[in-house]
Amino acid sequence: MNPIATMMFLTSLAIGTTITLSSHHWLLAWIGLEINTLALLPIMTKTPHPRAIEAATKYFLTQATASALMLFSCLINAMQTGEWDINTPSNLTTNSLSIAIMMKLGLAPMHFWLPEVLQGIPLMTGLILSTWQKIPPMILLLQISHSVNLNLTVIVGLTSVLIGGWGGIGQTQIRKIMAFSSIGHLGWIITILKLNPQLSLFNFILYVVMTTAMFLSVITLSTTKMSQISTSWTKNPALTTTIMLILLSLAGLPPLTGFPPKLLIIMELIKQNMLISASLIMLASLLTLFFYLRLTYIITLTLSPNTHNSTIWRTATKPSSVLTIINTMALTLLPLTPTILFT
């Protein structure tokens, strides 16, 4: 793609996100989301492959449906309350607004588009879809968190954690695994949204950091399948070890970055006397833990039969400084958790 066109589309992404984040008006927030969607479509189809075209079509149809539902809910809300302010949704439209935003995020049971779309696009575009594109809808949900239905958020959250673990077990493609990982993590975030929005935001920030680290590491190794990543040990042992630790961090194992949000969410659910929800979400997360450990085993505990006999490591690619910083953050933010929460 022409660099000028790429820069224009990326700038449009930034503008759309800024409009949504800075707006107190439902119509402006909706316009920002539409700019985001339309700016990402050409980036998805920069390689004119049939699978990329199919992924862009599925993404457009899903986002258009969610946008139509969101605009309809905003109009009904304006008719009832006489204003377009984001912080004052009516009781009638809160559920439909929440469902529309959850569809944009890819939460279960509105998740069917996310694995297919992510599988059909390049890794860098997948990184944008998994991180940047989720910021505006998540901020909108946080803004209306005081009025969302608790039962809706808990049911959608538990379903997403379960689907995220169940769907990822049999996958061999890295992008589909990251898609189901995204569904599972967003399930944890949504479960606690009504009870503690600050904790949801903290969890979302760490999710973005860990997902960015994983995608950048896989992009550096140029791997899209588990069979390819299992042979990367002889090419770049340091980065392969880091990927193993990032996977364990995504699984939520201590003492890595992914552990504190899960611990704090479980503690908050117990504090709110939601013991059944806490038990179910912990049991559902065991499925996610299984496929993360399976990936870890394939990466580090199996060796390709064609490994080189030399004792000198052959580093094919040197990680950039951005990758180094993001990977460090994805592994070592546990001691800084109180500071981040306080800030």
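Looking at an unreviewed UniProt entry, one finds the protein named NADH-ubiquinone oxidoreductase chain 2 and attributed to Odorrana schmackeri. Taken from UniProt, the Subcellular location (unreviewed entry) comment for the protein reads in full: "Mitochondrion inner membrane". UniProt, in its Sequence similarities (unreviewed entry) section for the protein, records the words "Belongs to the complex I subunit 2 family."

Student: Even after reading the chapter, I still don't get unusual backbone geometry, so can you show me in this structure?
Tutor: In terms of backbone geometry, most residues other than glycine have negative phi values and most peptide bonds are trans. At the junction of A108 and P109, the peptide bond is cis and its omega measures out at 0° in the coordinates. In this structure, the amide linkage connecting P254 to the following residue, P255, adopts the cis form with an omega of 0°. Mapped onto the secondary structure, P255 falls in the loop between α12 (237-251) and α13 (259-271). With a phi angle near 55°, S222 is a residue other than glycine that sits in the positive phi range. Tracing the backbone through its elements, the reader meets S222 in the loop between α10 (197-221) and α11 (226-229). Judged by its relative accessible area of 58%, S222 falls in the exposed class. A positive phi is found at N273, a non-glycine position, where the angle reads about 60°.

Student: Explanation requested: the pattern of salt bridges in the structure shown.
Tutor: Using the criterion set out here, one finds 3 salt bridges in the structure. In this structure, E54 engages K58 in a salt bridge whose closest nitrogen and oxygen atoms are separated by 2.9 Å. Residue E54 and its partner K58 are located together in helix α3 (residues 50-81), separated by 4 residues, close to a single helical turn. The exposure class of K58 is partly exposed, given its relative accessible area of 28%. Here K176 makes a salt bridge to E116, at a shortest N to O gap of 3.5 Å. Here the residue K176 occupies a position in helix α9 (residues 174-191), and E116 occupies one in helix α5 (residues 113-119), the gap between them amounting to 60 residues. We classify E116 as partly exposed; its relative accessible area is 37%.

Student: What am I meant to see in the environment of S67 here?
Tutor: Tracing the sequence through the fold places S67 in helix α3. Taking the relative accessible area as the measure of exposure, S67 reaches 3% and is therefore buried. Distance from S67 to Q171, taken between C-alpha atoms, is 30 Å for residues 104 residues apart in sequence.

Student: I would appreciate a short explanation of the UniProt feature "domain: NADH:quinone oxidoreductase/Mrp antiporter transmembrane" (unreviewed entry) in the protein in the present structure.
Tutor: Here, UniProt's "domain: NADH:quinone oxidoreductase/Mrp antiporter transmembrane" (unreviewed entry) annotation points to residues 23-288. Between the C-alpha atoms that bound residues 23-288 the distance is 36 Å, and the span itself is 74% helix and 0% strand.

What counts and how
Residues numbered from 1 in each chain as written. Predicted model: local features only at pLDDT ≥ 70, side-chain atom pairs only at ≥ 80, totals over all residues. Heavy atoms only, no water. UniProt positions renumbered as here; feature names shortened; annotations may be inferred. Helix = DSSP H or I, 4+ residues; strand = E, 2+ residues; numbered from the N terminus. Buried < 20%, exposed > 50% of the residue type's maximum accessible area, 1.4 Å probe, protein only. Salt bridge = Lys/Arg side-chain N within 4 Å of Asp/Glu carboxyl O.

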